[in-house]
Structures are given as C-alpha cells and as structure tokens.
Amino acid sequence: MLCCHNNSANKYKRLDAKLERKMMEVKRSTSRDSNFRSVNGIILRFPLIKEGLKDIRGVFEQFDEDSNGTIDREELNKCLHDLQFHLAKKEIDDLFQSCDVNGSKGIQFKEFIVILCLIYLLMDHSYSPQATSQIGSPQLKATFDTIIDAFLFLDKNGDGKLNKKDMAKSLNEDSPWEKAPAHITRSRFQEMDWDGNGKVTFREFVFSLINWIGIDTDDDNPTMEW
C-alpha cells in the first residue's frame, strides 16, 4: 500500500505541517509526557493497539454504503458529519487526499483508521466522549493516546517529525552500551519514510504502525520485528 509518492508530495504538505505544529504543541505541554521508555515498550503494546482499533471496522462497513471496500468522498463527508466531527470542506479534502495513498479515489480500511487518528490529534480531543461512543469502542481514546505517546517518545527533539537521529537514539534507549547497527537504524527509518524526503510525519508513522501490528490479520502477535 505504501508506494512511492515523490511526484505528488505537495498534496501532503498542508496537512502534515498542521500535524507537525500540533505535535510540537502536545510535546511542549506540561500536562502530557510520553509513557514509553524504549522501543520495546512500544512493541509490547502492539496487541493492545490492534485490539483497540478493530471495532472501527464496524463503523467503516456502516459508511461503505455500496460495500465496495472503500469510502468515497461523499461517504466520508456523511461519516464525519454523523460522528460529529465538524470539519471544513478543505480540511476534509486534505485528509482524503493525504490518506488515499494508493490513489484509488477511495479510502480503504487502513486509511480510514489513519484519518480518525489524525482528526483525534487535531481536534484537541474535545469530541472524544461523543465520538468514541458513536464508534462503539470504549478503548478508542486510550488507543489513539497510545499511538500519540509512541510518536512523542520517538520525537526526541520535539520538532513534530522524526529523523534518523531520533531513530538511532530511540533504538539505543534500552542498551546505550550496545548501539544498534547503522544499517538497522537506516532500514527502520526507511520503512516509515515512504515518500523518501528524510523525515517521518505523524501521518506516515500511523500508516507504518498499522502495517506493523497487522491490523487485517487474525494473528495477535506483532508482524514487525525490531
């Protein structure tokens, strides 16, 4: 799903810049700190994240009115309205274009999860009691918070995006006396930086995380080994 999109990177810039600013704001907040102390701590949460996200499937199928496996723009507008996500048309367009990563003109299930997570971050969580009730998952708020906390842990310099230095520092957090080989750090970073621009946005991170935990599989074990 995560193919090369260098020729269409411009359509991501507005949303990614907004996410970057928001993540910097969250990072600076004195009332919030990452609950993670190592990459292994993130990996151990994979089964819980997967469990917390699976109930979104029902909401996806509800708004996929023609049952074709994707949610088009009209269906997405109706979905966000019914979930009481009050977004401007331009904001919805940005979300749609930035999360339709394979250019199918429709939002698939994994992409739908990313959209909801991005909205959760951008909307200051003010909607969460109503929205999580609408989606039907009492775990959803905690799950999205866990994903945000994982990104905060990896974002060592607090600039709202990840770079190779962030990854190297995070991978060596458990055993600072035994550094991870450079090729491993580079490989893990490249798996997230799928547009190849040298930085990883929160949007790219969520896509990668969903792939690692195997959201479409029945296996409860993480599919990604660090």
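- Per an unreviewed UniProt entry, the protein chain carries the name EF-hand domain-containing protein and comes from Rhododendron griersonianum.

Quick look at the UniProt feature "domain: EF-hand" (unreviewed entry) in the protein chain
So, step 1. According to UniProt, the positions carrying the feature "domain: EF-hand" (unreviewed entry) are residues 51–86, 87–122, 142–177 and 180–215.
So, step 2. Summarising residues 51–86: 58% helix, 0% strand, and an end-to-end C-alpha distance of 27 Å.
So, step 3. Helix makes up 69% of residues 87–122 and strand 0%, whereas the separation of the span's terminal C-alpha atoms amounts to 10 Å.

Quick notes on the side chain of Glu-204
So, step 1. Residue placement: Glu-204 occurs in helix H12 (residues 202–213).
So, step 2. Of the side chains with opposite charge, Arg-203 lies nearest to the buried Glu-204, which makes no salt bridge, at 5.1 Å.
So, step 3. In this structure Glu-204 touches Met-192, Asp-193, Trp-194, Asp-195 and Lys-199, once residues within four positions along its chain are discounted.

Some points on the confidence of the model for the protein chain
It should be kept in mind that the predicted coordinates are not to be read in detail where pLDDT is low.
So, step 1. Looking at the protein chain, pLDDT values average 80 and 76% of them are 70 or higher.
So, step 2. Looking across the protein chain, the model is least confident in helix H8 (residues 128–135), with a mean pLDDT of 52, and most confident in helix H7 (residues 109–122), with 93.
So, step 3. Under a pLDDT of 50 for its full length, residues 1–8 has, in the predicted model, 20 contacts with residues more than four places off or in other chains.
So, step 4. Segment residues 217–226: pLDDT under 50, and 25 contacts once partners within four positions in sequence are set aside and those in other chains are kept.

Rules of the game
Residues numbered from 1 in each chain as written. Predicted model: local features only at pLDDT ≥ 70, side-chain atom pairs only at ≥ 80, totals over all residues. Heavy atoms only, no water. UniProt positions renumbered as here; feature names shortened; annotations may be inferred. Helix = DSSP H or I, 4+ residues; strand = E, 2+ residues; numbered from the N terminus. Buried < 20%, exposed > 50% of the residue type's maximum accessible area, 1.4 Å probe, protein only. Lys, Arg positive; Asp, Glu negative; His and termini not counted. Salt bridge = Lys/Arg side-chain N within 4 Å of Asp/Glu carboxyl O. Contact = heavy atoms within 4.5 Å. pLDDT = per-residue confidence, 0-100.

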